[in-house]
Every structure is written in structure tokens, then in C-alpha cells.
Amino acid sequence: MAVVILALIGGAAWLFMNLQEQKQMNQDMQELAELDKQEMENEYERFTLQYSEMMTKINNDSIIEQLTQEQMKTQKLLQELKQVKANDAREITRLKKELATVRAVLRSYILQVDSLNRLNESLKQENTRVREELSNRETQIAGLNSEKASLSEKVAIAAQLDATNIQMRLTDGKRTAKKLKKCKTVEVTFTVARNVTASNGNRTFYVQIKNPGGNTLSGAGSFSYSGKTLEATMKKMVEYTGEETLVTMFWNVSQMMEAGQYRVSVFCDGQMIGSRTFNFE
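Residues numbered from 1 in each chain as written. Predicted model: local features only at pLDDT ≥ 70, side-chain atom pairs only at ≥ 80, totals over all residues. Heavy atoms only, no water.

1. Some words on the side chain of glutamate 187
Our working rule: Where helices and strands are cited, they refer to DSSP runs of H or I of at least four residues and of E of at least two residues respectively, numbered from the N terminus. Whether two residues are in contact is decided by their heavy atoms: any pair within 4.5 Å suffices.
In this structure, glutamate 187 sits in strand E2 (residues 185-192). Setting aside its immediate chain neighbours within four residues, glutamate 187 contacts Gln167, Met168, Arg169, Thr248, Met249 and Phe250.

Shown next as C-alpha cells:
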């Protein structure tokens, strides 16, 4: 009996030590998974900032729009990652693959922007040389004036504001509404990106929301855009200093919200500076 008891005690001790070792291994694996997830979040945030920095270095509307779309996609993936648990291997693997794709796309844009900047610098130097050569030729004054007008247009384009991270939230007056029928207020927020070229001062921002039927949710008068008069859902005057500025607007719901896709567009200075769609069920 003594031998049996000793054997049972020894077996129990071995099982206890084995369980403790397994528990420690699981804890170590969880900590590694958390660190890996945090590192991925840091990369996504760094890539988002790099897109913003690139957009301040160029004045090409087409490329800025592409960069904005890629930045929004990166921000969406970052939000998905923050909501995923570190031990969800399938989602972590998917977002890690997406991260590699984002990294490759960002690298291609960096090369493209650097190439454009070098080309712009070369054009500036050439422009200086041409101005020096033609300064004493009256017959080419018209050409110089045209060139000045072109440069002014480029400066005006560079001074256009850009609305990023556009968000639309339905609330019951205090908290996010879980059902459309309980929605009393629509909240729209966006960030006006930093732009050192733009002039400082008060700016009026208009937000237009179109419901799934394509109709505008009215309530803030009208404004001009591309020679047309459009209805505004919200408007707000904000003092812009050239730095990144957060803008928040509200719209009181007068009838039940429809389920489907809503398009939120932001306008300022006669330009559409950002747009995004949202789906509500």
C-alpha cells in the first residue's frame, strides 16, 4: 500500500508540474500573439501617417485622391485589427497578408511621389533659366504671363483642403442607435488635413447626405458647386489655421431613416473635398 500511495503521489506531482508547464507555455504564446498584434497596429498607423505626409508634398489632384483612398483603406484595416482578438489566428493571418499588400502599395506610391518631386524640381530650375533668358524680350511677355497663370493655378490646387476620416453615426440623442427607427440624430465627423499652402481664416463647410433613394437629406440651405446649386444637409463655419482640424456636425432626423447605402460628401470653397459611403441595416 505504501508503494502504491507513493506512486500515486508521484504521478499527481508529475501531472501538476506538467499542467503548470503547459499553462506557462500558453501564457507565453498569448503574450507573443499580443506583441505581434501590437506591432501590426503600429505599422498600420505608421503607414497612415506616411500617406498624410506624402499628400502634403504634391499638388496632383489625381494622385492625392488615390492616396486618400489608400489611406482610408489602411485606416479601415487598422480598425478591423484593433477589434480582432490576438488569439484569432485566421483573422490575424488575413490582416497580416493585407499589411504586406499595403506595404507594397505604399512603397510604389513613395517611388512615384519622389519621381514627381524630382521632375517638379527639374521643371522649376528650367523655368528659372527660361525666365532669365526671356526677361529682356518683350515679344515673349505674353508667354511669361501665361506661365505665371499656370503656376498660380497649381498653387490654387495645392491650397485646396482635404477631408479625411469621414465618419457617419446614428444616435438616439445620447448614444449610438442600435436600430434605424430609434435614430434621432445623425452625427458626421471628419478631419481637415494639414495644408500649409492654404490660407488661414474662417471656412464654411457643407455636408450633403444622400439616402438610399438618391435624395438629399435637407436642412441647411444650399450652396454652389461646379456651377450648380446643391442642397446641404449640414453646414458649419470653422476657423482653419493650416493645421489638422477635426469638424463635427449634427442633423436632427425628421422622419424614419431608410435601410441601405448613404453617401456623405463634404464641400468647402466650391470644391468637394471628401466623400464616403455608409451602409445601415
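Having put the structure on the table, let's press on.
2. Topic: the sheet that holds E2
In plain terms, the rule: For two strands to be treated as a pair, DSSP must find at least two bridges joining them. Lines fitted to C-alpha atoms define the axes here, with helix axes fitted over just the stretch in contact, and angles between the N-to-C directions of these axes take values from 0 to 180 degrees.
Read across the sheet, three strands follow the order E1-E2-E7 without closing on themselves; strand pairing throughout is antiparallel. The sheet is open, and its two borders are formed by strand E1 (163-171) and strand E7 (245-252), each paired with just one other strand. Along the sheet, successive strands turn relative to each other by an average axial angle of 15°, direction set aside. Pairing of E2 with E7 involves eight bridges; the strand directions are antiparallel.

3. Things to note about the environment of valine 113
Definition in use: Exposed residues in this analysis have more than 50% of their type's maximum accessible area, buried residues have under 20%, and partly exposed residues fall in between, with area computed by a 1.4 Å probe over protein chains only.
Topologically, valine 113 is positioned in helix H3 (residues 89-134). With a relative accessible area of 2%, valine 113 lands in the buried category. Each C-alpha atom, one on valine 113 and one on isoleucine 58, is 7.2 Å from the other, the two residues being 55 residues apart in sequence. When residues no more than four places from it in sequence are discounted, the contact partners of valine 113 are Met54 and Ile58.

4. Let's talk about the pattern of salt bridges
Two side chains carrying opposite charge are able to pair once their charged atoms lie near each other. In plain terms, the rule: Salt bridges are defined as contacts in which a side-chain nitrogen from Lys or Arg sits within 4 Å of a carboxyl oxygen from Asp or Glu.
Counting across every chain of the model gives nine salt bridges. Salt-bridge contacts for arginine 203 lead to aspartate 269; the nearest nitrogen and oxygen are separated by 2.7 Å. Taken together, the positions of arginine 203 in strand E3 (residues 201-210) and aspartate 269 in the loop between strand E8 (260-268) and strand E9 (271-280) put the pair 66 residues apart, joining distant regions of the chain. Given the relative accessible area of 8%, arginine 203 is considered buried. Assessed through its relative accessible area of 51%, aspartate 269 is described here as exposed. Beyond isolated ion pairs, a larger network of salt bridges with shared partners links Lys76, Glu80, Glu91 and Arg94.

5. Focus on the nonpolar core
The criterion, for reference: The nonpolar core is taken to be a set of buried Ala, Val, Leu, Ile, Met, Phe, Trp, Tyr and Cys residues, with the residues joined through side-chain atoms within 4.5 Å.
Residues Met168, Val186, Phe190, Ile209 and Met257 are the most contacted members of the largest nonpolar core, which totals 32 residues. Among the secondary structure elements, those contributing two or more residues to this core are E1, E2, E3, strand E6 (234-240), E7, E8 and E9. In this view, isoleucine 209 contacts Met168, Val186, Val188, Asn215, Thr216, Leu217, Thr233, Met234, Tyr262, Arg263 and Val264; residues no more than four positions away in its chain are not counted.

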